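Here is how the chains run, residue by residue.
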Amino acid sequence: MTHFLTSGEVLPYLHGCCGTYTLEGYTGFSRFTPDQLAYYRERSDTDFVRSHAPAGIYLDCITDAPEISFTYRLYREKGLYVIGSGFDIWEDGVFAANYRIDPNITDTVTVSYIRQKESPSRIQIYFTNGSVVLLDRFCLGNAVPVEQKSRQILFYGDSITQSAYIPTPSLSWFLPVAMHMEAEYLNRGIGSMIFEADSLPAETDCQPDTIFIEYGCNDIGKTPDNETGFALADAWIRKLCSLYPAAEKYCILPDFSPKGDCSEAYWQRMQPYCDGLSSISRSYGIPVISGKPLIPDLKYLFFDDYTHFNEAGSAIFANQLLYAIKQNKG
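Here, residues in each chain are numbered from 1, in the same order as that chain's written sequence. Local features in this predicted model are restricted to residues of pLDDT 70 or higher, and side-chain atom pairs are both shown and tallied only at a pLDDT of 80 or more, whereas totals for entire chains, interfaces and linings draw on every residue. In computing side-chain values, all of the structure's heavy atoms are included and hydrogens and water are not.

Peer 1: Got a sec to walk through the sheet that holds strand 5 (residues 67-74)? Specific residues and values, please.
Peer 2: One open sheet holds the three strands; their spatial order is 8-5-10, and the pairing between them is antiparallel. With partners counted over all chains shown, the strands left at the sheet margins are strand 8 (109-114) and strand 10 (133-139), one partner each. When the angles between neighbouring strand axes are averaged without regard to direction, this sheet yields 20 degrees. Direction of pairing for strand 5 relative to strand 10: antiparallel, over a ladder of five bridges. By the bridge assignment, Leu-74 is partnered in strand 10 with Val-133. Paired strands are those between which DSSP finds at least two bridges. Numbering of helices and strands runs from the N terminus, with a helix taken as a DSSP run of H or I at least four residues long and a strand as a DSSP run of E at least two residues long. In this analysis, axes come from line fits to C-alpha atoms, helices being fitted only over the stretch in contact, and the angle between any two N-to-C directions falls in the range 0 to 180 degrees.

As structure tokens, then:
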């Protein structure tokens, strides 16, 4: 008889996950604390959807089951954010399958994968970055969880960090960065966010060794002037430092994005804003990394909006970021 694990029972197999939430009777995987989820729920329906998407969360196990599977259905009550949504499956370090999410399907969908080896192999399932999916009925056979690494990275940012547009979530830029640094991670990127201190946890919730800060671009469009943006950034960074005083931190300046349709007034604010954000970050002892050297200004590295990286752009961004970190450490 086939044994199915519920999403709650599968927690020991998950990475990039800090807890759960309940939605329509299902247990969802969360990358935010309960107070953060409550904050986003109050902000807007769009923030609700983006914050409940399992960006960066993946399952990692070793199993001898000939076939593994799970079910999902889209959460639709507050609208969808499915551009680029999909699931990836890797077997023993090899990209094996990608399953696209059809936004028009309303039924429960079963995703299944037949292993390529007779002997036990390592299976990794990367969940969508951009959709709220209600997951259930995991069939993993006699699976054994893969041990968590001792180091941890915390990624804070906007849609660039959430990487919601990428249809192959395992090729998002934050993954090779974490792999190179031999670390677990939490992806707390959420599209269109700005520096707001209340978006951070009320109390210390984890012990990251490294934190990447990629906010900034949206603040220019959503604040009336740079001085307002600086006040928001200063309060956010001050709270972050109080929550995680021992973590190594890096601030990535937003001077690489967006490249799409923006007003002249926006671009006039960009460089002074980056200069001010750089000054604030350094006042807290946080090294600053310019975004310009991280990704070339080439349209084929972006999706059609010329703002969000595609898989090729993500790979370059990750490689250049790791190089910038190495240069910073001398």
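Peer 1: How would you explain helix 8 (residues 311-328) if you had to name every residue and give the values?
Peer 2: The span expected for a helix works out to 1.5 Å for each residue beyond the first. An ideal rise of 1.5 Å per residue puts 26 Å on 18 residues; helix 8 measures up with 26 Å between its terminal C-alpha atoms. Classification of residues uses two cut-offs on accessible area relative to the type maximum, computed with a 1.4 Å probe and protein chains only: under 20% is buried, over 50% is exposed, and between them is partly exposed. Of all the residues in helix 8, the buried ones are Gly-313, Ser-314, Phe-317, Ala-318, Leu-321, Leu-322, Ala-324 and Ile-325. End-on view of helix 8: buried residues confined to an arc of 165 degrees, all on one side of the axis. More than 90 degrees from the buried face of helix 8, the exposed residues found are Asn-319 and Lys-326. We call two residues contacting when some pair of their heavy atoms lies within 4.5 Å. On the buried face of helix 8, the contacting elements are helix 4 (174-180), strand 14 (210-214), strand 15 (248-252) and strand 16 (288-289). N or O atoms closer than or at 3.5 Å make up a polar contact, with two conditions inside protein: a donor-capable atom paired with an acceptor-capable one, and, for residues adjacent in sequence, both atoms drawn from side chains. By the N-cap criterion, in which a side-chain oxygen at the helix start approaches the backbone nitrogen of a residue two or three places on, helix 8 is capped by Asn-310, the distance to Ala-312 being 3.1 Å. The arc under discussion is defined with respect to the helix axis, by the directions toward the C-beta atoms.

Peer 1: For the packing of helix 1 (residues 34-43) against helix 2 (residues 45-52), give the residues involved together with the corresponding values.
Peer 2: Here helix 1 crosses helix 2 at 150 degrees, and the two axes come no closer than 5 Å. Facing helix 1, whose interface residues are Leu-37, Tyr-40, Arg-41 and Arg-43, helix 2 presents Asp-47, Phe-48, Ser-51 and His-52. Polar here means any residue outside two lists: the nonpolar Ala, Val, Leu, Ile, Met, Phe, Trp, Tyr, Cys and Pro, and the charged Asp, Glu, Lys and Arg; Gly therefore counts as polar. Its residues placed into classes, the contact of helix 1 with helix 2 shows three nonpolar, two polar and three charged.

Peer 1: An account of the pattern of salt bridges is requested, with residue identities and associated values reported.
Peer 2: Basic side-chain nitrogens of Lys or Arg form a salt bridge, by our definition, when they fall within 4 Å of a carboxyl oxygen of Asp or Glu. On inspection of all chains with the given rule, the structure shows eight salt bridges. Among the ionic pairs, Arg-43 bridges to Glu-196, the shortest N-O distance being 2.6 Å. In this pair, Arg-43 sits in helix 1 while Glu-196 sits in the loop between strand 13 (183-189) and strand 14, placing the two residues 153 residues apart along the sequence. Here Arg-43 falls in the partly exposed class, since its relative accessible area comes to 32%. Look at Glu-196 and you get partly exposed, because its relative accessible area is 22%. For Asp-60, the salt bridge identified is with Arg-122, shortest N-O distance 2.5 Å. Placement of the pair is Asp-60 in strand 4 (residues 58-63) and Arg-122 in strand 9 (residues 121-126), with a sequence separation of 62 residues. Given a relative accessible area of 0%, Asp-60 falls into the buried group. The network of salt bridges with common partners includes Arg-43, Asp-47 and Glu-196.

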